[in-house]
Every structure is written in structure tokens, then in C-alpha cells.
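# Understanding the architecture of this molecule
Here are the chains, one letter per residue:
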Amino acid sequence: MLSQQVAIVTFFDQPINLIHRCAMGNSYAGQLRTTRFEEVLHNSIEASLRSNTVVPRPVFSQLYLEAEQLPLHSAGRVENEEEEDGSESNSPLIPYQMKPPPEGCCTTDGFCQAGRDLRLSSLVSEPLNVAPSFLLVGAKSPSAPDTLLVCAVDRRFLPDERGRNALLGFSGNCIGCGEKGFRYFTEFSNHINLKLSTQPKKQKHLKYHLYRNNQGQLVRGAAICWKGLETRGRQTAPNASDGHVISDEHLLNPAVTAHPGHPPGSYTAGSPVGPIGQPHLADLRPPLTNGSHTPLSQNPLPHTAVLSNGPGRPTVIGTLNAGPPKKRHKGWSPESSAVKTPPASSSSSSSLTNGTKPDHAPPESMSQGSSNPHSPPGPSVTVPDQLLHTCRLQPVIFRGHGSLPQLSGKVCDVQVSSLLQSCYQNSQALPRVYQHYGPSPIQPLSVEMQILLTVYYLVQLGPDQVPLIQDLEQIFMRSWRESHLREIRQHQHQQPQPGLSLPQAPSTLPGLPQAQVLTPSQLPWLAQLAASSCGEGVVVQEEKVSMALGLAGTFTRLMEGRLAHTNYVVIICTAKGQETESCVVVTGKHQCRILVEGMFSPSDSLREISQQLSSGMTQELTAFCNSLGPDGDVDVLLGGAARESRSHPPPLSSSQESTGDSSPRDRQTDRATCSPKEPATDSPKDRDESHKDSCSEYRVEWREVRPIQLAVARKLLSHVCAIADSSTQNLDLGSFDRVHFLICVPPSEVTFQQTVLHLWNSGVLQQLGLEQECLSQREAEHYVVKMDQEARARIDDLIQEAHRNSNTLYIVVHDHAHWDISSGPYGASGGDSGGGLVDSLLNSLQIRDATNILTLHVTSFPFALQTQHTRISPYNEIHWPSAFNNDMDLYHEKTRYFGVSELLDSTRSGSGLPLLRYDSSFESMASVLEERFPKLHSAVIRTQVLVQHYCVALMAVSGRPGSGGRSIHKHTSVETLEIVQSLLSSAQRCPTHHGHMVLLRIPSLALAGWAHQRLAWVRQRLGLGERFEIILGNPSQALSVGQSFTERIKAWLKIQETDWVPRTYLELEALPCILILSGADPLGESLPRSLKYCDLRVISSSYLQRTSLEEELGLAAYLMRVESQGSQPLSHVPGSDLSESDRDKLRSTDNEEEERENALKSELPGLGHFPPPHPHSAPQPLRPFSDSSAAATLHLHTTPPDPHHSSTCPNPNPPNPSDTQRWPSKSTSSDSSSTLPPSPLQSCSWAQGVSRPPSVLLPRALYDIITACDEGGLPRCTSFLPHLSVDWVSSFRPLLSKMMTCTEQSLYYRQWTIPRPCHMDSSNRPAEGRTDNFHPRRLLLSGPPQVGKTGAYLQFLGILSRMLIRLMEVDIYDEEEINTSDQLEGVQYHPACAPWPIIDTLRSMPFDYTVHNPKYEDISTVYCPDYYPNTDGNPRRKEDVYLRRRTARIKLSKYAAYNTYHHCEQCHQYTGFNPGYQMYESLLHGFTFSHLLLGEEIQLYFIIPKSKQHHFSFSQPGGQLESMRLPLTSDWNPDCIKSPIFTPTTGRHEHGLFNLYHAMDGAAHLHILVVKEYEMAVYKKYWPNHIMLVLPTVFNGAGIGAAHFLIKELSYHNLGLERRHRLEGGGPPADVWPFIIVSDDSCVMWNAVDLDSHSASGPVERNVSLKQVLQHMEACPDLTQYGLCGIRKWGSRSPSQGKGGGARHEEPFSRGHLHDFLLLNVDLTQDVQYNENRFMCDDVDFTLRAHSAGLLICRFNNFSVMKKQIAIGGYRTFIIKTKITDVPTSIQPSQYICAPDSKHPFLATPAQLLLEKYLQHTSQRLFPLSARNYTHPILSVDCYLNLGPEVTVCFVSSRPHSINISTAELLFSGLLLCFCDSFVTPGFLKKFHFLKGAILCVICADRSSLRQTVVRLELEDEWRFRLSDEFQTANAKEDRPLFFLTGKHI
């Protein structure tokens, strides 16, 4: 008999694995004949040789997996795939040539030859005429495999549901054209264009029944069962195996039990393919069908998943085939090849899934107890009374398919979980995401396939492993995906779907089975076949009657002990006529313990632990642990050690002074009762001596602000600014003048004090101006609050304060934001941590609706806050820059972050002992005790073992006589010995006793308290009270440290306060101590850099969520200082052993006995380039350690390594030759206490370890999970459920990718997770019509643990405050007036307190011709007889002087004008951006009037919002615009401004100060923006609620003069219309208000001199509203007699007076030039027009002409206007460029003009601008006699032009009766005639006298006018002209250049 055989055939370099180690002993099929096996083997080899692309069919499938003979159970099942072609016959395929179609017939696929559509997708809703007794069926064509053709076939020729009773032959009709009577399928296939290459057979091409669903749509139904059982010609009667029932009707297929020694993957075909990204499945119901139960004759069964197994774990998973063996020499069809099934997740999966039960569990969570409240009434199963006592385990029943029977009896001994059931349901729901593709062959996994895959998964688990639901979900997804990969690809190709990604896989997978099905009767056999490979580990129990019998049998076998070696019992119920039911009973002790403990919520587990401790259940365990067997009892040994310590002082190093004779007492009781601290035991003399020594390497760095923290703070600020700048108007930063904040932290006293410490040291309180309120660190606690019940009052106070202070921005910082995410109602009913307090406080309506409260969530684990219903927009997430980002170098960081990923990298580097490891000695001892004490919680047992290990290690390392000596080493582990050795010896090497911290993480408060008490007692007995401290970290209590250790810390930190005590773990820097950190979760406590070991061996392995796992590992996160240049970089750190043990030390995970005996060797420096050490040569005894630290990696460049010397001190024992290669090492003498002399390399152990991350010890179960990677290359823990309070949308989701950024991970969780009802975001569902419900003022800052997020957001608060102050300040022009003279200030005309001018007094005042506005410092001085310029004054400025003018930073008052970036609530309606209102509709109205100067009608347009139409008169509602309404002079309203305000603007649609709401103090006013036509749209967009006057197109290139001209002339025309309306109404027309206001677009604030307040430096100015200024001016008596009124420009006058200095002019009123802000009387100034052609100085020109016309001009000097510096836009921004290119080029002013008719490059600039610019810059050459000659000015007639600052201009008017200065005695140095009109005559010019050589300049519009002017004015009589003195501006002819002629006076 053949027992084993291996056949490997290689053909064309293609190895074909036929069979591996096939066991041919006893099997379910009985004994095999050798000839039969050889025949099949030969056939398989030959088939493989004939095959080109596929893997050969496994021999087992041909031998044993014959098709079953059971009838179909359900006709409603649907096949998933096509059936195998060529399966009807065993003969070779015969080529077939179709009959050619008749000419003219349609041959298109999917259409009949008559051209009618037969495709199901086209006929899905069409009414079809089907003859009686005919059925609709679907046919498939090989040429169109994705198309199903609709046919009508006589039901007599179709089989029934059992595959029988089908008549031979065919009868069919064509549904398309209606042709009937097809009697042959060949004829019919030709008609419907099947285009077959083989003989047409109805059995091969008629595939499915078709039927109409509830919606009336024609859809695919069940597959047609052609292969009935009666067609079988060969059947082999198998032998039944023992213990299995054979049906009376049918024979079952033979099965075989594979040998347990099969290597993994024996029958694996192919490799796994990446995951599929699936759409959301939240709202999809599970499908109605689970697969097909149709029995097949020769079709292979579906190939199930091949699961990877752990080391040494066998797997029996092969390609399953239900058909008989093929004939000899027949090739194996590719379609029948085995499907490639990916391996299951790594065998290191050793804990329960994300099924931890929270207090309010959704359907996926496990339910406690054995009762099933949802199970239907039926037979119940009784749980035996002594089940737990007898079996010493509590079985766990996983619900599967079907309902679970009702349990009765002692149900508390059984736990029931619904996790597996939820997984099954999710896998059933998967294919429904493809429903939008239309009719599809894609079907879910069948029930049988799910059960079989589950068995395979359980089989490959190791004996100590626990099933993970994540693994099973991935197996289901991969199996389903690969079974239907082709269908998915076809549908995606037809209709691509965004967001659905497929892996890059070959188009045709080798071995992809077609139409493989698994029937219920086959399932038990196949499951038993798979389970047989693992012996008794997995038992498959088949039941034919009910599930209740199977459960009862399982309980019976448990009680009888027959399942002692069984971990899982899979019960499969295949009752006839019913759906397959299943459940899994977990019977392994280890598995049951982990699963049961995982079914409780964390809070319930902690309560259970406390109850066990308080009830005394742990006494037996404690006694067992204390017993060391033959080596004695721990307590007895410690008693002897205590007596010895009282007689003999502890041996200390020579570098450490004695601490006295008194033994330290245990301080646990004192600390627990908050009693005073224990006094120091060392004498004052010794203390003084110890304090004399100092450590030069000690430094504390938590106060430093790192560059990356500032960068993150700026990122936060930019996001806040983005919220403010967005169109949602949710945050108006401009309305806030200060910042207030409140930091919310978890209820941990250490975290609270830690945040206060950071806050006090950050300087933020000073930056926010709160230093007066916080004079001490204690007072800084007001800004930090613990989220306990007392926080409610603090939050309520903040809300009320925010409501009162709308100008203050409140920042609520929610630190450690993932801690409490429970919903308020659920938390109030008894939820876990926090109890929903955060939800009820920070998610309240008051905070949500407060526009001045911004919430910042800060967390290291944001996953639970990134769900489909999150409140935080993805655009408001700020992620810490990754260390893998190339931009990290930009931050110039001096530190390197070492986090979870680096810890994992150290396990894969292979260059040394990894930093992340487990302790196999500890694990083995804990496992033994867990089996011995099944009723105790594993946390209790593991804590007892851990504390016992530490106690024994302390005894061993202390070297006390009587403490046990070396014999007790075997009662602890090498890892624990190493930790304790490092702890005790680290402080001996530093003169100030700096040492390391050891962290023990014990979540249970009760266990932590017991551990602290026990360790403190042992420390006291051993006399080690002053060597290290033991600290209990209780979140609810303040930190408690012994007095002697407190004094040490004070000395190190140089603290002088007598009552100071450490309050944070950071302040324990360099203190040798054991910190026992308790609490269910870490609450954000930062640990010092002296942390050396992070012992997490006690944390629970039951709660596998990403947040909880990474939170525990985050305790070891570390910031390492980057070495300075020249030092050896620490590039080796991730893979180096940075612990104080030898690199080549045997890992404790090897669990070798001799490992316990090896003493801990010296420590390597951990540098990768040193030679690796050799193995240990001999064990070393553990004596009192004098030196156990590593050689420092610092300063290595000063001492090169010497490979021949391992130590510089004499060693009594010669070094072993194998150890001499290790450099450097420490003294390891066995009997001598000699130590190394102090040296830079071994001075301070703390300084050496400060740049080394801590080592982490994990439970083995967690270690296996964390170190394993998924398909994406990420640790498997990343694929776990993010948090207990969220659920996956679908189990079949894509895995996270290693290349994903933090932003992409956030989007992943936002797509694939939903909050459970207990989550605080579960109620945050979007409103109807919206896809999200984000809170607009909520941000999320995420970054790895311990990276510095607190410092980052504190810096953010500081720079935010500075930015708000900056936003509240503007750059105001602050310049002294120019051209001042004391001669003009001698006379006082009005009293200083006069409110209004007296008109007669004002007329008697002289007019000041001199321009004093500093912005005109670069223009020509206007000649005035009483003024002489100061030659020693400021030098003249050049071009664009306004960019360099002096400014001052002034804080905006509440009466300021704003630009478009201001969005306070009061302004929303004013500006038109209120979200509560619709966008303001505006109408465009035309307005036409004529003017003589323009010679044609002017067409203007008004854009009038509907809300402003009341300011205008229309011919009818909505009709023609008639006029703008004006008030009467007698009208007066305290809340109204009578004068319309016109603001000409250009290029400042964003920055123009057009928001006058606050400036007007809410007063009603009419404000009109005057814009150019090409800017109309953009101004309308930014200011939708403003009235706009659009200038004509011809003025698009005009200057400010054109705007002023049209404003004034339009206003005068409108005044006439209003007076006409007034006259028509019966009133006097003179009563109409004639004034308008012309304001610049940069006027920001207005001031008034406070006449009632005077200071030493003069009157004081204060900010007032524009409303007050205008109402005061409008109330002036006799105002209608003034032609022009204005106010002065603000200036601080002198630095000594400050920004609010007094006014320069004591005279309250004056006559002179007015600028920027004018009150213009359009009635009196009707004959004085602005020059529409002017670009510069048009206001100077207009004022001079208005004064010469006799108009009264008054400036109110008690008012001033502040002008904001706006560097963008404005009428002073001119670009001079050539016509050839649009690019501005450097063009000299001399090129602005040219000779007429000359070849000169023309400029694309208005002629008037070129002329003005030319005269400004070249006047010194043009008028040489006028330069710096104030007494001989240039005479300018009727206009003022700027001729440059070196020239003085004397303005005179030629109008009759005009007012001019006396010029009788003046000799002018030049004459300027610009566009002279008829008032200029020869006689007028002869009144003036000129110097000899004076220059004349005549300017006209064309050459003809130029000559006519010269002739008319008889200029040739006194002036000499030359032909070369005629010029024109450099404009083309079509641009109408200006011409001018120069001449010289004779």
C-alpha cells in the first residue's frame, strides 16, 4: 500500500506540484487501490502537460470529491459563475462550423437575425408576449459573455428543479421578431446569433430561468439544472466513515482525511490579490440568496480559501471537485482550474476582535449570558449544572446561521456572542453594492461556503491563538472577490464607478472555477476533511435534525472530558428541507478565557477585578506565587533579608555615599491616607555633601519651544483664517480685539498640573495680556479645567462670558479629545469613561451657536472622531508633519521623534535586540496559573506574576545575605532582572544620583494599589528605600513622592520654594523610580526623558481597537535630541538594543533554562558599525552592581574605539577572549566591587540614556498582533476597529495603505466608519439635502503621542492673539503738514471752542494758497505773497512717494470703516452677505443727461439693490429711473444723514473701505460707489448691497478728474430734477438739500478735538463716528452759503504727544485747500467744474478755481480724518507701457513726448497723463529760470499743473470778477497756457511782466488749435518761437495726442 508519494513534474520550466505527502491510510472513503491511484496520477500529469496556463487539477479532487447525489433543496438559489464548457461529454472537443447566415440578415451580438434586440438589459421593462406552456429563459453567447439573451422555450424540454423530466429535443420562439416554431436548437442558435464554435446544445447555452420581480422588471432567476442525477453513468459506492449518518435515499461522496503532517499551502493555487474598495453599505439590506445548492454532475465544487497557518500548523485545503475523474488522455479545461484563494492573516493573530461589548452595544457586539432573547420558541438546551466546575472553563457559543436554541439551566456558565453572525450577515450584504449595474451574475458567498471557510480558519489557528473577526472578514472578502473577479471587472468596465478600485490583477486568473457550488450535504464531509488535519483541535459535528441536539451533544462531551484537547466545535445542521444552520462552540481553555473577558466592557472588567480582590478570591493565588518551592518562601526570605539589613548596611558603590543606618519605612499607607511625607533618612551632613556634587550633563527641556511646534501653530492659525475668509461668514476675526481660552483635559490630576505647567512656562498668559490676572502658577489653573462634574460650572461661565463679550474670541481647547466620546444620554445611563460629559458640554447648542467660540480638539488618535457623521470638516484638520516628509528638514529640528512605527521597525531591523519584545518566561508562568485558577481574571493573575517577578529580581539584584542568592534567579525572567539591575545601578554612576524610570502599566486601580504596596514592602525589607522611589500613578489623586526624593528634585531643578512638591511626571526627570501607572486608559500624562523601560506585560489582550493599542504603545514615545555636528549620529536606534544588556544576550522569548542562569552582561553602545559580539562564554553571578550602564554614545568622536581593550580599569578576572571584541563594556567582576573610574564616557547614566528610546515589554498575544503586517505593509493593528464606539460600514472594505498620508487616512475613516448609538456624533446626522453636518468653528489637531502638541496649541493661542491685535490695527498715514509758516498763525479769528464758523469772520480770513497735505510733498508750490518756503525743510521726495510715507499703527475704533474682509453679525444685512437672507437682487437703471463741455449726452448706469430703491424716484414701480431723492434743508433726523456720499474707486473691490455701518453708528445714509465699467461685475460681487454709479465706457482709462466731474455734474442735474419735483409739489425749490459728500475710499476713522479736555501738550483728540462729524457739519448755520467744506488730515504732530496728540491749528476754522473728504455745494459750484481730463492734483486745481470764483471754502479743523495706507489699486497707480507689448517697461519721462510726424515708439497711455507726468519730471529743463526761484514763479492761467517740486506756480483766473492775488510787482519766470478759452485775451496777458528769457508753454488739443491760439493771443509779439520747439505726447494719431509749443520771452 502506498503511504506517501510526491510527484513533481517540470515542463517548459514550469513546476507543477501535483501532490504533497498524501496520506493514504484509513480515510472516510476506505482503503484505496494502488492501481486506481496510479491511473489518476498518470491522467493528472498528462493533463498538466497539455495545459498551457493553469495549475493542474489536484489528484485528491479526482479521487475522492465526486459529485453528490442529493436533490436540490431550494430552487431559489442562484449560481454565481458560468458552468464549465465541455463538461457534457468526456470526449475531445469537436470543431464546429456554423452555417453562414442568409444575406441581409443582422449578425450583431444580442440581436436576432431580424434585427430585434434580445438582451435582457434592454427588455427588462418591456411587455413580452409569451405563448402558453412556454417559459422565459436566458441564453449566453461565448462572443458576448456579459450579455444574457431572452428566449421563450417550451417547458416540456426544460428540466425540473431536480434536473429531471426534460424531453429530448427543443421547441422555442424568438422574443424579438416573434418567429415561432424552432424545432432544433441549432437552428434557433443561428437565429439568435449565438456564434458558437462548438456543437450547439441547449444544455450548454440555456443558462437561467427569467422572472419578473415585484417591480415588474424582468430579472435573472435560478440556474437551469440540466445535469440531473439520472444522467450519471458511473457511480462509485463509497464506504461511510464511522460516526456519520448516511442518507437512506442517496449515497454521499467519499472523503479523505489528510495527514497532519501536510506542509502549509499544499494545495494553494496562486497568490492573494489586494483588497477591493467598496462603496458604503450602511443602508443596504442583505441579499435574498446566499448561493446555489444546485447539485452538479461534472462541475467542480467551489475552491475554498487556502489559509496560511502558523509554524508547524498543518492545513488541508485543496481544490475541491464534485465530478468524477476525466477519461485518460483528455486535456484539463482551464475553466475547471482551482481558484486562487489568499492565505488568512498572520498566525500571530492571538486575541479577540473588536467585539468588546460597550455598555450600549450595537448588533456586532457580543451579548452576555447564554440566553438568546431573540431566538424563536422551540426545543431548549439545558446547560449542565457543574459545567464550569467540571471543565474548568466557560464555553463561548458563536451564533452562526439560523437561530440558536433557547438555553436553560445554569446559563451563567455559558457565554453567547453574535460576532460571527454579524460577520456572516455582512458578507451576505456585500454584492448588493453592485445592484446599480443592473442584472448581474455577481452573488454573495453561500452559507455553506461561509461555514467551510470558517472551519478552514479555525484549523489554521495555533493552540494559543484566539480567532479574530477581522481575519475572517478578510478571508470572506478575498474568497468572494476571487470567485467573482471577472464579473466585477466586466461590470466596472461597462459602468465605471468613482471610488471603487480593483487591485491590479491579471485579467484571467489561472484556475478560476466556473459555476462551482457547494451543497449542504457536501459541507459536513468537506469540513470534517479540513478539520482532520489538526487532530482534535477542531471538531465538526453534523446534525440532521436540529441545532439543539448538536449543542446538547457538545455539552455532554464536555462533561465527559472528550473535548479536553479540542478548542472549537463546529456544529452544522443540514436538516432536510431547511436552510443550513451552524454555530461554533469554543471549548479551549485559553480561548474561552480571552473571549469571555473580551465580552465585558472595560469598566465591567475593572469592576470584576476589584470585586475579586475585595472578596478574597486571590489569597490562594498569592500564596502559590509566594512559594518558591524548594528555594523557600518569598516572605520568609525577605524577613531574613530585613534582619540582615539592620545589622549590615547595604553594599554601595564607591561613587555613592551612605544613606545612613535607619531603614526606610513603607510609605504606602501614609500616601494612601494623604498623611505627611516620610522625612529623609539621610543625615544633614550627608545631604550637604551630596548636594555639593553636581552633574554638568543634567538639563531639563520641557520649557523649550521647538521650531516644528511654531510651524504647527502657524498651520492652526492659517486654518482659522481660512474659516474667516470663507464665504460662509462663520467667523469674523476683524470683530475680535482679544483672545480668551479654556483648556479642557481628562480628569487626571497629573495631566491637569502638566498642562498648567506648560501654560505657565509658555509665556502665553503674558502675550494675551493676562499676566496681571495670573501672578502665580496656581492662578494659571483658572484656564485649565478637568472634565469632571465640576467642569459644568466652568463651561457655563465661559458661555455666559462669551455672550456678554462679543468682541472676545474664546478658544475651547479639548485636549486628549478621544477620551470621552460617549453620547450624553448614553453616558448618563451608566456608560464608560467620562459618562458623556464632553458631549453634553462641548456639543451643546450654546457653544455651537456662539459665533465667538471656536473649539479645537487635540488628540493623538483622531480615528473615532473621523466618521461619516463627524462634526469636523476634513478641511479643518491639522496633522502633525510626518517624519517621513521631506519638508521636515525645513523646521531645523534638534530632536527626532521615536514613536510606534519606529518601535515596530526595531523588531524587523535584525541589528540587535529589538526595543519592542515580549517575555516568554513570564508568559509561560502566567499561562500555567491561568489554567490553575480559571475563575480569576487574567489581569489579576498576570499582575501577581509580574509583581512576584519584580520582588524576586529585587532580592536577586540587591545581593542581601539571606535573600535567596542565585537559586532564586529561575523564579523570575531575564527581562525583569535586566530592568531591576538597570534601576538599581543607574543612580550609582552619577554624583547627584540621576537615574532611570521604570513604568509599570497596571490599568486596574485596585491591582495597581496592591502592586505598589507589595513592592514598597519588599523595598523596605531589602533596605533599598533611598535607592529608588515607587510611585503610584492614580489619575484621581495628586502625585505623591517621598520627602528625600523631593529634596533631590528641588536641588536638581534649583527650586528655592520650601513647600514645592512635584506635581507632574515631567518633574521626575532623572529620578530613579518605578512608576505604576493605573487607570483604564492613559489620560495624556507625559513621561520624562529618563524613562528607560515601559513594562506593558499586564495590559489586556482582549480589547483590540486601534486607539487602545496605540494609546498604550504611545507611552513609550520619545523625543531624542539629535547629536551636534561631529558626534556620532544615532542612526542605529530603531534596530539597536538600547537597554542595559548585552546585544548578544539570549532573548528571553527563547525560554531556555540556561538563559536564566546567565548574568546580565555589559552593555554595548549600540553602534551599527562595531563588530558583533560573541556569545556568552560563562554565566556571571549577580553581585551588588557597581556599574551597569552602557557606554555613552555622546562625545564618541573624542575617544576612538579600541578593539583590543574592553575596559580601562583593572579587572581581577582576565577578560574572556570572546568578550574582548566588544567595545566598550563595563566591569563584570564576579567577586570584586571595584568600579570604573569616573570618565566622560561613564559619568552619568541618565545623560547616556537620554538620547535612547525606552524598551517596551508586551504580552505575547499583543506582540504577535502588533508586529504582524497586513497586505498593505502596515501593522495589523491599523486594520482593527478604530474605537469601541464606532462600527465599520462594511466588513468588506479596502485595507489602509502604507503610503496613505494622515489626510488620506482621515478620509478613509470618514468613508468606512459610522458612530454607534453610544457615540456623541451619532446624533449629528446631516439635514435633508445635505451630505454633511460639519460645525464651522471646530478644528482637529492630531499628532503622535508625546510629540509636543500642547506646546503647539499654546503657541497658536499666542500668535492668534497677536494676529487679532494686528487685525484691529491699521497703518495710518501719520505725517506733519508741509509748507507751514508761523507768519500765518499770529491772528485768532474764532474762539477755540467755537462749534461753527461765523460767516462774516470767515470771509475776512485770508485764503491760504499753500498746499499743506503731505501727500502733495512732490508737487509744485502754489505762490502766496505771505508765505516764503523754508529752504532747510525736508527734502523733496521722488516718484511714488506715498509708498514710503510715514505711517503709524492705530487700533481701529468702534466707529471705523471696513473693507470686505469684515463680517460681523451687525454688518451682514448691510453688506448683503447674511446667510439668512438671499443674495440681494439688483437692477441696472440707465440715466442720461447732457453737458456742454462734453458736447454729447452722457449715458450713466445705476446698479440699485432692491433694498435701496426707496432712495430713488421712478416713473412707475420698476419703471424708468427719474431722479435720486434728496431731503429738504429743513429736515432733521438724529438717525439720518442728509447728504449722499459718493466714493470714486478703482482696483480696490476687496480693500476699499466701503462698509460704513459702524462709522455711521447705524445711521441711515445713502452711499454710492462710483466705479468704472470694466470693474462693475467684481464690485457688484463683493458689495451686493451697495448702490453703484457706473461711469461710461469712454472713461475706462480716465483719471480721478473724470469721476469727480461726473459726480458733481450728475448731482447738479439731479438737484435740478428734484427742485422741479418740489416745484410741482407746491413747495419752494430752494428748500432741496444741495450738498453731497465726496469721500476717498481709504478714509478709515474720524476724530474730533475734545474741547472740554486739555493736556499739557494741547487739546486731545478722540475717535468719533462719521455720523457725528456729518451731522455737526450739516447743522452749521448758513451752510448753504458755503461752496465747499472739509476737514483736516490727521497727524500725531510730534512723537512726544503720542498717537492721540492735539491739533496743530488752534484756529478751529480756516480757508484753504481741501482734500479727501469734501462737503460740496453743487448749487453754488455749478459754474466751477472739475477737469474731467486730469489725473493728478485735480482737487488742488478745483479748489483754486472755486476760490477765484468767490466761493466760500471752510475747513473744520476740530475734525480730522485718518487715511489708511492701501498699497493696492487707487487712482494714483498708473502703468505706462508701449503699444508694442503689454509688459511694463522702463520708459524715461523724456520719452513721453516727441516731435510731431517723427518716428517714435508710441505709448499705450492717455495723452493727458503723459503730459502731466512729463511736466512733473522735466520742468527744470523746460523752465530753467524757475528752478528753486520762489520769488519768480511761473504764471499759470485758469489751471494748476504740477511742474515738479523745484518750481513755484502762481495761479490766476482769467474770469471777470475773479479773485486773484496781486501780481503787479511780480516778475514771472514762465507762462503756462493750457487749453485757453475765450476769457484769455492779449490784453489780459499784457498785465503781467516776465523775466528776459522766460519760457512760454502753450498746450492745445491739436496742432491747428495750437497755431490759432498763438495768433489769437498775439504771442509772437513778445515771445520767440522755433519750429523745433513744437512737441506732442507720444501717442498714436488714433489716441488723439496733445500738442504743446514752447517759446522764449524776448
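These numbers were taken from a predicted model, which means no experiment stands behind them. (Residues numbered from 1 in each chain as written. Predicted model: local features only at pLDDT ≥ 70, side-chain atom pairs only at ≥ 80, totals over all residues. Heavy atoms only, no water.)

Once that is clear, we can look at the overall build of the protein. When its secondary structure is counted, the protein shows 46 helices and 54 strands. The 1946 residues of the protein split such that 61% are buried. Of all intrachain contacts in the protein linking residues separated by at least 6 positions in sequence, the fraction that spans at least 24 positions is 77%. As displayed, the protein offers around 76600 Å² of accessible surface, 52% of which is attributable to carbon and sulfur atoms. (Helix = DSSP H or I, 4+ residues; strand = E, 2+ residues; numbered from the N terminus. Buried < 20%, exposed > 50% of the residue type's maximum accessible area, 1.4 Å probe, protein only. Contact = heavy atoms within 4.5 Å. Areas by Shrake-Rupley, 256 points an atom, 1.4 Å probe, with all protein chains shown as cover.)

Attention now goes to the state of the cysteines. Across all of its chains, the model carries 0 disulfides by this definition. The thiol of cysteine 1754 is unpaired, and the distance to the nearest cysteine sulfur, on cysteine 1685, comes to 5.3 Å. (Disulfide = S-S within 2.5 Å.)

Within the secondary structure, glutamate 1110 sits in helix α32 (residues 1106-1113). When sequence neighbours within four positions are dropped, the list of residues in contact with glutamate 1110 reads Phe861, Phe863, Val900 and Thr1278. A distance of 2.7 Å separates the side chain of glutamate 1110 from the side chain of arginine 1106, its partner in a polar contact. (Polar contact = N/O pair within 3.5 Å; in protein donor to acceptor, adjacent residues only side chain to side chain.)

What follows concerns the pairing of strand β22 (residues 997-1001). Counting buried residues along β22, 5 of its 5 residues qualify, which places the element largely inside the surrounding structure. Here β22 shows a buried face lined by Met997, Leu999 and Arg1001 and a second buried face lined by Val998 and Leu1000. Bridge count for β22 against strand β24 (residues 1073-1077) is 5 bridges, and the pairing is parallel. Each residue of the ladder has a partner; that of methionine 997, found in β24, is cysteine 1073. The pairing of β22 with strand β25 (residues 1091-1095) spans 4 bridges and is classified as parallel. Directly across from leucine 1000, in β25, lies its bridge partner aspartate 1095. (Pairing = 2+ DSSP bridges.)

Following the sequence through the fold, histidine 1319 ends up in the loop between β29 (1313-1315) and β30 (1338-1342). A polar contact of 2.8 Å, which involves the side chain of histidine 1319, links it to the backbone oxygen of alanine 864. In contact with histidine 1319, other than residues within four places in its own chain, are Ile821, Ser822, Ser823, Ala864, Ser1285 and Val1286.

Although it is not a glycine, aspartate 1797 sits at a positive phi angle of roughly 65°. Inspection of the secondary structure assignment puts aspartate 1797 in the loop between β48 (1793-1794) and α44 (1807-1822). Overall, the relative accessible area of 72% leaves aspartate 1797 in the exposed class. Even without a glycine there, the phi angle at arginine 1828 is positive, about 50°. Note that arginine 1828 resides in the loop between α44 and β49 (1834-1837).

Okay, the sheet that holds strand β9 (residues 396-399) next. Pairing in this open sheet of 5 strands is mixed, and the strands run β11-β9-β14-β13-β12 from one edge to the other. Strand pairing shows two members of the sheet lacking a second neighbour, β11 (415-417) and β12 (538-543), which therefore form its edges. Strand-to-strand, the axes of this sheet are offset by a mean angle of 20°, without reference to chain direction. In this structure, β9 lies alongside strand β14 (residues 581-586), joined through 4 bridges in antiparallel fashion. When the sheet's bridge partners are listed, phenylalanine 398 is paired in β14 with valine 584. Most of the contacts of helix α7 (residues 419-429) go to β9, to which it runs at about 20°, and overall it touches β9, β11 and β14. Those strands touched by helix α12 (residues 547-560) are β9, β12, β13 (568-573) and β14, and its axis lies near 140° from that of β12. (Axes fitted to C-alpha atoms, helices over the stretch in contact; angles between N-to-C directions.)

What describes a pair of aromatic rings is the distance from one ring centre to the other and the angle between the planes of the rings. Enumeration according to the criterion identifies 30 aromatic pairs in this entry. With a centroid separation of 5.3 Å and an interplanar angle of 80°, the aromatic rings of phenylalanine 170 and phenylalanine 185 are classed as edge-to-face. With a gap of 15 residues between them, phenylalanine 170 in the loop between β4 (144-154) and β5 (172-173) and phenylalanine 185 in helix α4 (residues 185-191) connect regions that are remote in the sequence. The residues phenylalanine 170 and phenylalanine 185 share a single accessibility class, namely buried. Measuring from ring centre to ring centre gives 6.3 Å for tryptophan 1288 and tyrosine 1308, while their planes differ by 70°; the resulting arrangement is edge-to-face. (Phe/Tyr/Trp six-rings, centres within 6.5 Å; stacked < 30°, edge-to-face > 60°.)

Approximately 730 Å³ is the volume found for the second largest cavity. Looking at the lining of the second largest cavity, its residues break down into 17 nonpolar, 10 polar and 16 charged. (1 Å grid on protein atoms, 1.4 Å probe; cavity = no way out; pocket = protein on both sides within 12 Å on 5 of 7 lines; lining within 4 Å. Points joined across faces, edges and corners; volume = space filled by probe spheres on them. Nonpolar A, V, L, I, M, F, W, Y, C, P; charged D, E, K, R; others polar.)

So, on to α7. Counting buried positions over the 11 residues of α7 gives 9, a clear majority of the element. Among the residues of α7, Leu419, Leu420, Gln421, Ser422, Cys423, Tyr424, Ser427, Gln428 and Ala429 are the ones counted as buried. For α7, the secondary structure elements touched by its buried residues are β9, β11, α8 (447-460), α9 (469-483) and β14.

In this section: the environment of serine 1692. Structurally, the position occupied by serine 1692 is in the loop between β44 (1684-1689) and β45 (1709-1710). Once the C-alpha coordinates of serine 1692 and aspartate 1374 are considered, the two residues, 318 residues apart in sequence, prove to be 6.2 Å apart. Side-chain polar atoms of serine 1692 contact the side chain of aspartate 1374, separated by 2.6 Å.

What follows concerns the sheet that holds β49. Across a sheet, strands are paired by hydrogen bonds formed along the backbone, either parallel or antiparallel in direction. With mixed pairing, 8 strands are arranged side by side in an open sheet as β32-β50-β49-β51-β52-β54-β53-β48. The sheet is open, and its two borders are formed by β32 (1421-1422) and β48, each paired with just one other strand. Where strand β52 (residues 1889-1900) lies against strand β54 (residues 1939-1945), 6 bridges are found, and the strand directions are antiparallel. Bridging from a neighbouring strand, cysteine 1897 pairs with threonine 1942 of β54.

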